[in-house]
Amino acid sequence: AMAAERSLAMATCTAPVNIAVIKYWGKRDTDLILPINSSLSVTLHQDQLKTTTTAAASRDFTEDRLWLNGKEADVGHPRVQACLREVRRLARKRRGGSEDTAALSLSYKIHIASENNFPTAAGLASSAAGYACLVSALARLYGVEEELSEVARRGSGSACRSMFGGFVQWQRGERPDGTDSLALQVAPETHWPELRVLVLVVSGEKKPVGSTAGMQTSVETSPLLKHRAEVVVPERLAQMMRHIRERDFEGFGQLAMRDSNQFHATCLDTFPPIFYLTDLSRHIIALAHRYNAHHGHTKVAYTFDAGPNAVIFALADTVAEFVEVLRRSFPPATNGDQFIRGLPMGSAVLSQELVAAVVAEPVPGAVQYILHTKPGPGPQLVDDPSQHLLGADGLP
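Presented here is an overview of the structure given in this document. None of these values were measured; they are calculated from a predicted model. The numbering scheme is per chain: residues are counted from 1 as the chain's sequence reads. Per-residue local features of the predicted model are confined to residues with pLDDT of at least 70, and side-chain atom pairs are confined, for both listing and counting, to 80 or more; whole-chain, interface and lining totals are unaffected and use all residues. Where side-chain values are given, they derive from all heavy atoms of the structure, hydrogens and water being excluded.

Details of the environment of Asp248
Our working definition: Helix numbering and strand numbering both begin at the N terminus, where a helix is a DSSP run of H or I of at least 4 residues and a strand a DSSP run of E of at least 2. Whether two residues are in contact is decided by their heavy atoms, any of which lying within 4.5 Å being enough. Polar contact criterion, stated in full: a pair of N or O atoms within 3.5 Å, where within protein one must be able to donate a hydrogen and the other to accept it, and residues adjacent in sequence count only if both atoms are side-chain atoms.
In this fold, Asp248 is placed in the loop between helix H5 (223-245) and helix H6 (249-269). With 56 residues separating them in the primary sequence, Asp248 and Trp192 have C-alpha atoms 9.8 Å apart. Not counting residues up to four positions away in its chain, the partners in contact with Asp248 are Trp192 and His243. A distance of 3.2 Å separates a polar side-chain atom of Asp248 from the backbone nitrogen of Glu250.

Encoded structure:
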């Protein structure tokens, strides 16, 4: 049967979280979501962190509806509407204005259900995965295959980077209409097979100041941010791409830490100041530096986004030892077995020397859990109908 005769059309996609190593902070256009500087990120593997979204359209639906993690949410949210509008516009353009009878009617109402396999708003970049997934599912539903990172950007700036796997650059662009502000893959996830990522989840709390509000206050009040965007980032971006191409962990790690620190310095330079790092974050930073100093080179590198969770990059041969250092420094309160999640890892025995030099006074229960993951691919189409988040009636 042709699409026009089906009562319900449905598409399901998954999309990844990404972690910026050269940070995005600040918009030059808040409507189009155009950044004041380019940024560069690592896409994380969806086996550990992903959003799944099902989009369905039917002549029988009476209104657009949206469900997030099982709860109905506001489908009228301006950013959700922007993505819907853009995908429909591309679909219309693709059809050259002709109403293709086999194609899904653009006037049908739409139902969208989205779920994360990780806590929302815990500083785990849920908006990036969420909007990348929304755009992927909508594009699939409407048969659109264009450059979609520009559409995802209209939902959440960092979402454009989640449209690709591996290592991704979001180009600042120059045009006022934003058509050149898009994401490009620097290298695929297979490029650096030894690279590993540890996400230290310290709290499932919402952040003190949301990114959207925080970054605009920074743009308005921080002279350091202006210097960063105009002078520092362009040079760092080129260096970081070189480190990635050459798989140079020493260079990659040092630059990631420096850029994270400068981003948080611009938050502190904002007026009134914004504090995303906590005492615990600073404890983790100091621990990483002691660990690297003990080994005489950069074996682990931290980066923090607009929230307290730490992300640690390391090569595979370092993970077991450093996780043991973390376990000694932040002994799990109760969930000893659930403390380390994600990819399997070996065990390590620490020398007394290392413990004495690196492990400070333990802080029990400070880290909820550690997620072990690695770089992964971009959005994926889910073919298995049993995986749809909406039923045949178009409801969750």
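There's more to say after this.
Description of the packing of helix H7 (residues 279-295) against helix H8 (residues 316-329)
Here is the rule we go by: Axis angles are defined between N-to-C directions and span 0 to 180 degrees, where every axis is a line fitted to C-alpha atoms and, for a helix, only to the segment in contact. The cut-offs work like this: below 35 degrees is roughly parallel, past 145 is roughly antiparallel, 65 to 115 is roughly perpendicular, and the gaps in between are oblique. In this scheme the handedness of a crossing depends on how the near helix is turned from the far one: anticlockwise by less than a right angle means left-handed, clockwise means right-handed. Three classes are used: nonpolar for Ala, Val, Leu, Ile, Met, Phe, Trp, Tyr, Cys and Pro, charged for Asp, Glu, Lys and Arg, and polar for all others, with Gly counted as polar.
Where H7 meets H8, the closest approach of the two axes is 12 Å, and the angle between their N-to-C directions is 130 degrees. Classified by the angle their axes make, H7 and H8 are oblique. Our pair here, H7 against H8, has a crossing hand that is right-handed. From H7, Leu287, Tyr291 and His295 reach across to H8, where they touch Thr318, Glu321, Phe322, Val325, Leu326 and Ser329. For the contact of H7 with H8, the per-class residue count stands at 5 nonpolar, 3 polar and 1 charged.

Focus on the layout of surface pockets
Unoccupied space between atoms shows up once a probe the size of one water molecule is rolled over them. Here is the rule we go by: The distinction between a cavity and a pocket rests on a 1 Å grid over the protein atoms alone: a 1.4 Å probe fits inside a cavity but cannot get out, while a pocket stays open yet meets protein on both sides within 12 Å along at least five of seven lines, and a residue with an atom within 4 Å of a point counts as lining. Grid points are joined across faces, edges and corners, and a volume is the space filled by probe spheres set on the points.
One number sums up the size of the second largest pocket: a volume of about 320 Å³. For the second largest pocket, the lining is made up of 16 residues, of which Ser136, Ala139, Val144, Glu145 and Leu148 are closest to its centre. Of all the secondary structure elements, the ones that give two or more residues to the lining of the second largest pocket are helix H2 (126-142) and strand S17 (380-381). Per element, the largest residue contribution to the lining of the second largest pocket is 3 residues, and it comes from H2. Partitioned by chemical class, the residues of the lining of the second largest pocket number 8 nonpolar, 4 polar and 4 charged.

Looking at the pattern of salt bridges
To keep it simple, the criterion reads: Any carboxyl oxygen of Asp or Glu that lies within 4 Å of a side-chain nitrogen of Lys or Arg is treated as forming a salt bridge with it.
Across all of its chains, the model carries 13 salt bridges by this definition. Where Arg327 meets Glu324, a salt bridge forms, and the shortest distance between an N and an O atom there is 3.8 Å. Of this pair, Arg327 and Glu324 both sit in helix H8, 3 residues apart, which is roughly one turn of that helix. The network of salt bridges with common partners includes Glu86, Arg89 and Arg154.

Here we look at the packing of helix H1 (residues 78-94) against H2
Running from amino to carboxyl end, H1 crosses H2 at an angle of 30 degrees, the nearest separation of the two axes being 10 Å. In terms of orientation, H1 lies roughly parallel with respect to H2. Relative to H2, the crossing made by H1 is right-handed. Listed contacts from H2 to Arg79, Val80, Cys83, Leu84, Val87, Arg88 and Ala91 of H1 are Tyr131, Leu134, Val135, Leu138, Ala139 and Tyr142.

Some details on the nonpolar core
We count it as follows: Side-chain atoms within 4.5 Å link the members of a nonpolar core, which is a set of buried Ala, Val, Leu, Ile, Met, Phe, Trp, Tyr and Cys residues. Only protein chains enter the accessibility calculation, which uses a 1.4 Å probe; a residue whose area is less than 20% of its type maximum is buried, one above 50% is exposed, and one in between is partly exposed. Per the annotation, domain bounds derive from an automatic or database assignment of domains.
Core analysis: the biggest nonpolar cluster contains 64 residues, and Phe252 and Phe313 have the highest contact counts within it. Three or more residues apiece are contributed to this core by two domains, here domain 1 (8-189 + 381-387) and domain 2 (195-373). Once residues within four sequence positions are removed from consideration, Phe252 is found in contact with Val21, Val42, Trp192, Leu195, Met240, His243, Ile244 and Phe313. With 35 residues, the next largest nonpolar core counts Leu66, Val87, Leu134 and Tyr142 among its residues.

Notes on H5
Stated formally: The span you would expect from a helix comes to 1.5 Å times its residue count less one. Note that the bend at a residue is defined as the angle between axes fitted to the seven residues ending at it and the seven residues starting at it.
The terminal C-alpha atoms of H5, which comprises 23 residues, lie 32 Å apart, in line with the 33 Å expected from a rise of 1.5 Å per residue. At Val232, H5 shows its maximal bend, which comes to roughly 45 degrees, and the proline Pro234 appears one to four places after that position. Residues of H5 that are buried make contact with strand S2 (18-22), strand S5 (39-43), strand S10 (167-170), strand S11 (183-187), helix H4 (211-221) and H6. For H5, the capping residue at the N-terminal end is Ser222, with a side-chain oxygen 3.3 Å from the backbone nitrogen of Leu224. Two residues or fewer after H5 comes Arg247, characterised by a positive phi angle close to 50 degrees.

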